[in-house]
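Take a look at the letters that make up each chain.
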Amino acid sequence: MKALALKGVAAVSALSFVAASALADENANLVVNGEIDMTIRAPAPDHMENMSEVMSGWLFRSSETQALQLDDFENPGMIWVDDAREVFASESGSGGESCASCHDSPEALAGVRAVYPKWDEEHGEVQSLEMQINECVTERMGGEPWKYTGGTMVNMTALLASVSRGMAVNVAIDGPAQSTWEMGRDLYYTRTGQLELSCANCHEDNYGNMIRADHLSQGQINGFPVYRLKNAKLNAVHSRFKGCVRDTRAQTYSPGSPEFIALELYVASRGNGLSVEGPSVRN
Amino acid sequence: MKRTILFAVGLIAASTVVMAGTTAPSDVSFDDQGAIANTLSGAAGDPESGKTIMRTRGLGNCIACHEVSELSDFPFHGDIGPSLDGVAGRWSAEELRGIVANAKMTFPDTMMPAFYKTDGFIRPGNGFTGKAAEGELEPLLSAQQIEDVVAYLLTLKEE
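Residues numbered from 1 in each chain as written. Chains lettered and ligands numbered in written order. Predicted model: local features only at pLDDT ≥ 70, side-chain atom pairs only at ≥ 80, totals over all residues. Heavy atoms only, no water.

- Per an unreviewed UniProt entry, chain B goes by the name Sulfur oxidation c-type cytochrome SoxX and belongs to Pseudohalocynthiibacter aestuariivivens.

- As annotated in an unreviewed UniProt entry, chain A carries the name SoxAX cytochrome complex subunit A and is attributed to Pseudohalocynthiibacter aestuariivivens.
- Under Subcellular location (unreviewed entry), UniProt gives the following word-for-word description of chain A: "Periplasm".
- As recorded by UniProt, the Sequence similarities (unreviewed entry) comment attached to chain A reads in full: "Belongs to the SoxA family." (UniProt positions renumbered as here; feature names shortened; annotations may be inferred.)

Laid out in structure tokens, this is it:
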């Protein structure tokens, strides 16, 4: 029998809310598999001027959706984590090597997700986890790069997130990463498209409010990749960015573009202190 | 999977032909407070049509952000902006026209989109495709649709 991993009051509320649109208990805690204690509320990092507390997107979902993330057997995203484990151990590319040839096991990479995007000295740029993975695939294993938001890549990022679950997001925003971070911040506050909306309009000024049927969260990315009930698959961070920018009736940037890397670093830094939660479950 | 949060489809292409008596978006004059004195279409507004525009995703979709009790049969209402109940008691027809056409002239920096504006956007898209806009943009609502919405708002008097 699976342990229902809710604490105290939260356990009661999870059972008592049934309507699909029911908003979840704001005091709920997130403990996965009865053992990974997630930090889903944290004091806002010093660089954030307009907010005092940062909150995981999990808090803004209905109790039914929340419940799916409490146990790996319930979390549909974990199926692809298992797929990625196989890929991790399989030889590919011209050198006949696997990820495991250099990294032993996925668990050996615990902590990595928490600090990406990260400055890469050798390439002189900020790299997302996807870029780092593709660097291994192409430069070290002699293979073809994986599609940026394709299944193989998303699954691997889900695996790497899963082994870091519970660790605090802690991306560096100073030193050589600073100019990229500033570019991301500018993008976050730019009102784009014919609707002239910025990320901040929805996720800073209006989190907790409803926009039509959607309960707005802070747009944090500590839970990525996310399994969405809406499309029944794992979704990469840049796919979500693209959807949100498109919804402002704007021309989007491409997944993997310098703009989205910068935006990712900035948004990640807004969640410094929250736990790595991926793969999480959202509606 | 192309559901969008606001204004799902561009059903507004009909406004391409600028009708006689219509003021083009770039020719609209706002007073200091953001109000527009005269009808944009040259004709009176139809409150029934305005009511439909208010609640329809592909049109005004005003209830994405506003609560309107009279439209409570239509799910779901957002709470980004104030409730529009009794709004006719707070603003005149001229002021409401200005707010719907370009709310930023009345409330600087407001989140409310400008429904009768076609330029000055950053990275405008081709509807909700995520691709760059091609050619001239259509306003989100036509001149007549703005008048219809204003006519509907004028029916929202405090009970």
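Now, onward.
A short note on the overall build of chain B
Then comes step 1: Check the secondary structure of chain B and you find three helices and zero strands.
Then comes step 2: Mapped in sequence order, the helices and strands of chain B form the string α-α-α.
Then comes step 3: The buried share of chain B, reckoned over its 159 residues, is 45%.
Then comes step 4: Intrachain contacts of chain B at a sequence separation of at least 6 include 61% that bridge at least 24 residues.
Then comes step 5: As presented, chain B carries roughly 8000 Å² of accessible surface, and 54% of it is formed by carbon and sulfur atoms. (Helix = DSSP H or I, 4+ residues; strand = E, 2+ residues; numbered from the N terminus. Buried < 20%, exposed > 50% of the residue type's maximum accessible area, 1.4 Å probe, protein only. Contact = heavy atoms within 4.5 Å. Areas by Shrake-Rupley, 256 points an atom, 1.4 Å probe, with all protein chains shown as cover.)

What to know about the packing of helix α1 (residues 47-55) of chain B against helix α3 (residues 143-153) of chain B
All names here are of chain B.
Then comes step 1: One can describe the packing of α1 onto α3 by two numbers: an axis separation of 7 Å at closest approach and a directional angle of 100°. Considering the angle they form, α1 stands roughly perpendicular to α3. In this structure, α1 contributes P47, S49, G50, K51, I53 and M54 to the contact, and α3 contributes Q145, D148, V149, A151, Y152 and L153.
Then comes step 2: Per-class residue counts for the contact of α1 with α3 are seven nonpolar, three polar and two charged. (Axes fitted to C-alpha atoms, helices over the stretch in contact; angles between N-to-C directions. Parallel < 35°, antiparallel > 145°, perpendicular 65-115°, else oblique. Nonpolar A, V, L, I, M, F, W, Y, C, P; charged D, E, K, R; others polar.)

A look at the nonpolar core
Residues and elements named next belong to chain B.
Then comes step 1: The biggest cluster of nonpolar side chains holds 38 residues, and the ones touching the most others in it are L40, M54, V68, I146 and L153.
Then comes step 2: Sorting the residues of this core by element identifies α1, α2 (93-102) and α3 as the ones contributing at least two each.
Then comes step 3: If near-sequence neighbours (up to four positions away) are discounted, M54 is found in contact with N61, C62, I63, V68, L71, L84, V149, Y152 and L153. (Core = buried A, V, L, I, M, F, W, Y, C linked by side-chain atoms within 4.5 Å.)

Section: the state of the cysteines
All names here are of chain A.
Then comes step 1: Going through the model one piece at a time under the given rule, you end up with zero disulfides over all chains.
Then comes step 2: Distance from the sulfur of C102, which forms no disulfide, to the nearest cysteine sulfur (C136) is 7.2 Å.
Then comes step 3: The class of C102 is exposed, set by a relative accessible area of 54%.
Then comes step 4: Left without a disulfide partner, C199 is nearest to the cysteine sulfur of C244, which lies 7.5 Å away.
Then comes step 5: Residue classification places C199 among the partly exposed residues on the basis of a relative accessible area of 23%. (Disulfide = S-S within 2.5 Å.)

Digging into the confidence of the model for chain B
Low-confidence regions, as indicated by low pLDDT, have predicted coordinates that should not be scrutinised in detail.
All names here are of chain B.
Then comes step 1: Per-residue pLDDT for chain B has a mean of 91; in total, 87% of the residues score no lower than 70.
Then comes step 2: Within the model, the stretch residues 7-16 combines pLDDT values under 50 with 25 contacts to residues more than four positions away or in other chains.
Then comes step 3: Of the two predicted TM-score estimates for the complex, the pTM is 0.91 and the ipTM is 0.91. (pLDDT = per-residue confidence, 0-100.)

Examining the packing of aromatic side chains
Then comes step 1: Within this structure, the stated rule accounts for eight aromatic pairs over all chains.
Then comes step 2: Ring geometry for Y188 of chain A versus Y189 of chain A: centroids 5.3 Å apart, planes at 70°, classification edge-to-face.
Then comes step 3: The class for Y189 of chain A is partly exposed, based on a relative accessible area of 35%.
Then comes step 4: Ring geometry for Y253 of chain A against F260 of chain A: centres 5.8 Å apart, planes inclined by 70°, an arrangement best described as edge-to-face.
Then comes step 5: Residue classification places Y253 of chain A among the buried residues on the basis of a relative accessible area of 18%.
Then comes step 6: Clustering of aromatic rings is evident, with ring pairs tying together W181, Y188, Y189 and Y266 of chain A.
Then comes step 7: Just above the ring of F128 of chain B sits the side chain of R249 of chain A; from NZ or CZ to the centre is 5.0 Å.
Then comes step 8: Looking at R55 of chain B, its charged tip hangs above the ring of F74 of chain B, at a distance of 4.0 Å from the centre. (Phe/Tyr/Trp six-rings, centres within 6.5 Å; stacked < 30°, edge-to-face > 60°. Lys NZ or Arg CZ within 6 Å of the ring centre and 35° of its normal.)

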